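Listed below are the residues making up each chain.
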Amino acid sequence: MLSRFFREKPQSVWSTFGYCLYVGLGAILFGLDQGCIAGLFAVPQFIEDFGEFDEGTGTYIIAANNQTLLFGFLLVGVVLACIASGPIGSRYGRRAGLGLCAITSIIGPVIQIAAPSVGVACFGRVVSGAGIGFAANFCIMYWAEVTPAQMMYQGFINLAQFIGACINEGTHDIPNKWAWRAPLMTMLGAPLIMLAALPFVPDTPRWFVHRNRIEEAHAAMRKIRGSTWSEEEVAEEIKEVVAMDQIERELEGSSSYSDCFRGTDHRRTRIVIMTLVVQQFTGISFITGYGTYFFSISGISDPFTITVITSVCGLAGSASAFPPRQVLRPTHSADMRRHFAFVCTYIFTYGATWGPVPQAVIGEIPCNRLRSKTVSIATSINWLCTTFIICGTPYLLSPQYVYLGTKLGFIFGGCTLLGAIWVFLDLPETKDRTLEQIDEMFLNHVPARKFSTYTCTGRAGNMSLEKVAAQKLDRNVKIETVEKA
């Protein structure tokens, strides 16, 4: 279907893709942070600068509580930004959120580069976390609201993780502070580009429609879709968005946070939250947060190279994204080569399934009037789960505490099995559907297992999208005529 779209309107595809590529820089921020920071705990110079000397082993180590602080304070910033994203996105738009993402993503790494102690580094992590939180919300919403259903593809995070792992591989042996400062400096490129290009990027047409700014919605759609879309096609797409937005207002009521848990929106909010919770309990935060460190304490001789290889597996998985929704888990083996093979299998499978798919789901499932608030709630809960995993993992791995080692995989494997059962029972298939078609199916209470075969009729309840759009647009024209007079 995407190839047909390229043949019919290649210039419009590239126009839309260009804006999505710009927004994808926000996802690159997150991926670079994961790729770079995860490896720093195994960089000798970083351990010496921020660790303590252990007389028993005769080496420097970073205590489990300091590891928890450096990751935990990042998550504090992420959660706060996710909570703030709801009202910011609803009132000021997706573009404003992307601007905040760029600004905080510049300030955070600068503080960390100059940090003389763990305390200052933690403050920088809070600011960087805010940038990641804004990216997690506004990139997803922007992609969902401007991209045709055939173009949903999100491998930016895996690409950035691979780049970050390569940077660590090239810098970890530098015999001074630049061994860990250089990776942090590379994190400044994407937000600087975002900030410079922001004045040229329109907000999403669906946000303009929700704010009843129809003419601006039309202008934004025209700019995003490019010159090969006719005025009739642009007007038709805007008409569908206007109609569904109006129907939602009449059938579902207001757009407060409490409305996310009422009517059909309660079902949407549950699906979005569960998708992200299951994603986290597959164990990905453990791999991305402590992968290099875990490989180093597991007896693997070159953990940085292994991290680069696993990043390639994740990137390859993203390239094959959107197969049937399933996640494979590695099992335990004392043989390090077999252990490494299972980790690669997991990373590839995650990159093809639980990595990109939930990002598309949480962008598509919420209704237009509540999308910002629903995504804010879901991502906040998602990062709280991440906080729980990140802060608990050092104690499960440390020889001073539980020291589960590779047996930790059994915990995540059991959680993933429960998640697979939930997917089968409750997650609807939205592939190749527009946001308005998804809205219609939810408003008509279509069961999850019938989404893939349901034929959309352009009606929600007893209301016709065609008639509602005509009435709404006609009413707007009359208001504009009176104002001009």
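All values derive from a computational prediction rather than experimental measurement.

Student: How would you summarise the overall build of the chain if you had to cite specific residues and measurements?
Tutor: Of regular secondary structure, the chain possesses 20 helices and four strands. Looking at the chain residue by residue over its 485 residues, the buried ones come to 58%. Approximately 19900 Å² of the chain is accessible, and the part contributed by carbon and sulfur atoms is 65%.

Student: Lay out the packing of helix 5 (residues 94-114) against helix 8 (residues 178-186) in plain terms, naming residues and giving numbers.
Tutor: Helix packing for two helices is described by the angle between their axes and how far apart those axes are. Contact geometry for helix 5 and helix 8: axes closest at 9 Å, N-to-C directions at 170°. Relative to helix 8, the element helix 5 is oriented roughly antiparallel. Together, Pro109, Gln112 and Ile113 of helix 5 and Trp180, Arg181, Leu184 and Met185 of helix 8 make up the contact between the two elements. Residues of the contact of helix 5 with helix 8, tallied by class, amount to five nonpolar, one polar and one charged.

Student: An account of helix 9 (residues 189-197) is needed here, citing residue identities and associated values.
Tutor: Turning to helix 9, its buried residues are Ala190, Pro191 and Met194. Looking down the long axis of helix 9, one finds its buried residues gathered within 95° of arc, a one-sided arrangement.

Student: Before we move on, can you summarise the packing of aromatic side chains with the specific residues and values?
Tutor: Considering all chains together, one arrives at six aromatic pairs under this definition. Judged by centre distance (4.9 Å) and plane angle (40°), the rings of Phe46 and Phe50 are tilted. Of this pair, Phe46 and Phe50 both sit in helix 3 (residues 44-50), four residues apart, roughly one helical turn. Judged by relative accessible area, Phe46 falls into the buried class, the value being 7%.

Student: Give a detailed account of the side chain of Gln112, specifying residues and quantitative values.
Tutor: Residue position: Gln112 is located in helix 5. Side-chain polar atoms of Gln112 contact the side chain of Arg125, separated by 3.4 Å. Setting aside residues up to four positions removed in sequence, Gln112 forms contacts with Ile37, Ala121, Gly124, Arg125, Ser128, Trp180 and Leu184.

Student: So what's going on with the confidence of the model for the chain? Which residues, and what values?
Tutor: For the chain, the average pLDDT comes to 78, and 77% of its residues sit at 70 or higher. Here helix 1 (residues 2-8) stands out as the element of the chain with the lowest mean pLDDT, 48, in contrast to helix 5, whose mean of 93 is the highest. A low-confidence stretch, residues 1-6 stays under pLDDT 50, and its non-local contacts, those more than four residues away or across chains, total 13 contacts. In the predicted structure, residues 322-334 sits below a pLDDT of 50 and forms 40 contacts with residues beyond four places in sequence or in another chain.

Student: So what's going on with the environment of Arg433? Residues and values would help.
Tutor: Assignment of secondary structure puts Arg433 in the loop between helix 18 (408-426) and helix 19 (435-443). Each C-alpha atom, one on Arg433 and one on Cys456, is 9.7 Å from the other, the two residues being 23 residues apart in sequence. Within the structure, Arg433 has its side chain in polar contact with the backbone oxygen of Tyr454 (distance 2.6 Å).

Student: Any chance you could break down the pattern of salt bridges for me, citing the residues and the numbers?
Tutor: Where side chains of opposite charge bring their charged atoms close, a pairing between them can arise. With the rule as written, the count across this model stands at 13 salt bridges. A salt bridge links Arg369 to Asp265; the nearest nitrogen and oxygen atoms lie 3.2 Å apart. Placement of Arg369 in the loop between helix 16 (357-364) and helix 17 (371-397) and of Asp265 in helix 13 (residues 263-297) is noted, with a sequence separation of 104 residues between them. Among the residues examined, Arg369 registers a relative accessible area of 3% and is labelled buried. Here Asp265 falls in the buried class, since its relative accessible area comes to 2%.

Each value, and the rule that gives it
- Residues numbered from 1 in each chain as written.
- Predicted model: local features only at pLDDT ≥ 70, side-chain atom pairs only at ≥ 80, totals over all residues.
- Heavy atoms only, no water.
- Helix = DSSP H or I, 4+ residues; strand = E, 2+ residues; numbered from the N terminus.
- Buried < 20%, exposed > 50% of the residue type's maximum accessible area, 1.4 Å probe, protein only.
- Areas by Shrake-Rupley, 256 points an atom, 1.4 Å probe, with all protein chains shown as cover.
- Axes fitted to C-alpha atoms, helices over the stretch in contact; angles between N-to-C directions.
- Parallel < 35°, antiparallel > 145°, perpendicular 65-115°, else oblique.
- Contact = heavy atoms within 4.5 Å.
- Nonpolar A, V, L, I, M, F, W, Y, C, P; charged D, E, K, R; others polar.
- Arc of directions from axis to C-beta.
- Phe/Tyr/Trp six-rings, centres within 6.5 Å; stacked < 30°, edge-to-face > 60°.
- Polar contact = N/O pair within 3.5 Å; in protein donor to acceptor, adjacent residues only side chain to side chain.
- pLDDT = per-residue confidence, 0-100.
- Salt bridge = Lys/Arg side-chain N within 4 Å of Asp/Glu carboxyl O.

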